[in-house]
Amino acid sequence: MLIRKLDDKDASICAALVRQDWNTTEARWRLLLSVGDAFGIELDNGELAGTVILNRFDALAVIAMMFVSEVHQRRGLGRKLLQQALKQGNDTVVYLFASNMGRPLYEQVGFTATSVTSVRFAGRASLRRAASRDGLRTMTDADIDEICALDEEAQGGSRRRLLKALFASSDRALVVERGGGVVGFGLSSWPTDIRQLGPIVARTEEDALTLATELAADVSEPLCIDILSDQQTMLAWGQAAGLAVVDNVPLMTLAGARLPGRRGLIRALAGRPFG
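A quick note: this is a predicted structure, and the numbers were derived from the prediction, not measured.

For the rest of this paragraph, the subject is the overall build of the protein chain. In terms of regular secondary structure, the protein chain is built from 8 helices and 13 strands. In terms of C-alpha radius of gyration, the protein chain reaches 18 Å, essentially the compact-globule figure of 19 Å for 275 residues. Along the first, second and third principal axes, the C-alpha atoms of the protein chain reach 60 × 35 × 35 Å. When each of the 275 residues of the protein chain is scored for burial, the buried share is 55%. Looking at the protein chain alone, contacts between residues at least 24 apart form 71% of all its contacts between residues at least 6 apart. Accessible surface, the protein chain: about 11900 Å² in total, of which carbon and sulfur atoms supply 48%.

Dropping the structure here:
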């Protein structure tokens, strides 16, 4: 048994491994592997039994894709993988979104639940484009520096590589520009067979609602969006859009550390693997 680094060549096997429990694709894994430090635990017969990713954004890091196949659970493999990932982030604030199954392990290694959870809405939205679109326009390559700066202010760490990758794979990418600068942005993409809305980062709730509505408007296919529980206006938007809450999981930080940045500007996550 060995723990090894995963790379782009492992995307298909990773997708096949976790697909038994999670809705994912090879393309999604290629994105994950291009952004984070990924590790797999390989058995003596060469079988990949589990995965984990540490997505590091300067002094901030997110644990993602922590998975051990059902037939190999309760053998300590998950702990080994998690400890390997944490070695890469020993000088960062580390956090994650915990499933019910994973939470006992996370607590054992020192993660503490915060008062915030991630509420996932999914379904088919019943929305039309907003009548008022003050400052709203399509995102361009020239906006990258400004959206990265706004996102870094919100997160407390630079996610430039992630944002560029999400922009490149997006089907809708929007900014709100006012006073000569970008005050909000939002993206949507198809990481799986469900359209993912997010990230949405905005200085005001009004702009966040405009971005969310425009990203979801006139879309007949199913979509999902992950909203933090302290974003009451966005939670109300999800309900009004006709989406259903499909799960609600806690945000946990290692050793109870406080997350950096102006977190209130994060109106919707880029997905739980990225925060």
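Right, let's talk about unusual backbone geometry for a bit. In this chain, Gly 198 is followed by Pro 199 through a cis amide linkage whose omega measures 5°. Structurally, Pro 199 can be placed in strand E10 (residues 195-202). Phi angles above zero are rare outside glycine, and Met 65 is one such case at about 50°. Inspection of the secondary structure puts Met 65 in strand E4 (residues 60-68). Unusually for a residue other than glycine, Asp 218 sits at a positive phi of about 55°. Considering the arrangement of structural elements, one finds Asp 218 in the loop between helix H7 (205-216) and strand E11 (223-228). Owing to a relative accessible area of 39%, Asp 218 belongs among the partly exposed residues under this scheme.

Enumeration over the complete set of coordinates arrives at 20 salt bridges. Where Asp 134 meets Arg 178, a salt bridge forms, and the shortest distance between an N and an O atom there is 3.3 Å. On the criterion of sequence distance, the pair formed by Asp 134 in the loop between strand E6 (111-123) and strand E7 (136-138) and Arg 178 in strand E8 (residues 170-178) is long-range, its members being 44 residues apart. With a shortest N-O distance of 3.9 Å, Asp 226 and Arg 272 are connected by a salt bridge. One end of the pair, Asp 226, is in strand E11; the other, Arg 272, is in the segment after strand E13 (266-268), and 46 residues separate them in sequence. Here the salt bridges share partners, and the residues they tie into one network are Arg 120, Asp 226, Asp 247 and Arg 272.

It is worth spelling out the packing of H7 against helix H8 (residues 232-240) at this point. Helices that pack against each other are described as a pair by the angle of their axes relative to one another and the distance between those axes. Closest axis-to-axis distance for the H7/H8 pair is 10 Å, and the angle between their directions is 30°. With respect to H8, the element H7 is oriented roughly parallel. In the packing of H7 onto H8, the handedness of the crossing is right-handed. Residue-level contacts link Glu 205, Ala 208, Leu 209, Ala 212, Thr 213 and Ala 216 of H7 to Thr 233, Met 234 and Trp 237 of H8. Residue classes in the contact of H7 with H8 are distributed as 6 nonpolar, 2 polar and 1 charged.

To continue, consider the side chain of Ser 188. Topologically, Ser 188 is positioned in strand E9 (residues 181-189). Engagement of the side chain of Ser 188 in a polar contact is seen with the side chain of Asp 171, the distance being 2.7 Å. Ignoring any residue separated from it by four or fewer positions in sequence, one finds Ser 188 in contact with Ser 170, Asp 171, Arg 172, Arg 195, Gln 196, Leu 197 and Leu 215.

Moving on to the side chain of Asp 143. Here Asp 143 lies in the loop between E7 and helix H5 (144-155). Looking at Asp 143, its side chain comes within polar contact range of the side chain of Arg 137, at 2.8 Å. The contact partners of Asp 143, leaving out residues within four places of it in the chain, are Arg 137, Thr 138, Val 175 and Val 182.

Our next topic: the environment of Arg 28. With respect to the element layout, Arg 28 can be found in helix H2 (residues 26-35). Accessibility expressed as a relative area gives 11% for Arg 28, which makes it buried. Between the alpha carbons of Arg 28 and Thr 192 there is a distance of 7.0 Å; along the sequence they are 164 residues apart. Ignoring anything within four residues of it in the chain, the contact list for Arg 28 reads Pro 191, Pro 273 and Phe 274.

What follows is about the packing of helix H1 (residues 11-18) against H2. The contact between H1 and H2 brings their axes to 8 Å, and the two run at 115°. Viewed along their axes, H1 and H2 form a crossing whose handedness is right-handed. Facing H1, whose interface residues are Ala 11, Ser 12, Cys 14, Ala 15 and Val 18, H2 presents Glu 26, Trp 29, Arg 30 and Leu 33. Grouping the amino acids of the contact of H1 with H2 by side-chain chemistry returns 6 nonpolar, 1 polar and 2 charged.

Conventions adopted
- Residues numbered from 1 in each chain as written.
- Predicted model: local features only at pLDDT ≥ 70, side-chain atom pairs only at ≥ 80, totals over all residues.
- Heavy atoms only, no water.
- Helix = DSSP H or I, 4+ residues; strand = E, 2+ residues; numbered from the N terminus.
- Rg over C-alpha atoms; globule rule 2.2 N^0.38 Å.
- Buried < 20%, exposed > 50% of the residue type's maximum accessible area, 1.4 Å probe, protein only.
- Contact = heavy atoms within 4.5 Å.
- Areas by Shrake-Rupley, 256 points an atom, 1.4 Å probe, with all protein chains shown as cover.
- Salt bridge = Lys/Arg side-chain N within 4 Å of Asp/Glu carboxyl O.
- Axes fitted to C-alpha atoms, helices over the stretch in contact; angles between N-to-C directions.
- Parallel < 35°, antiparallel > 145°, perpendicular 65-115°, else oblique.
- Left-handed = near helix turned anticlockwise from the far one by under 90°.
- Nonpolar A, V, L, I, M, F, W, Y, C, P; charged D, E, K, R; others polar.
- Polar contact = N/O pair within 3.5 Å; in protein donor to acceptor, adjacent residues only side chain to side chain.

Note that every value here comes from positions in space, so none of it alone points to a role or purpose.
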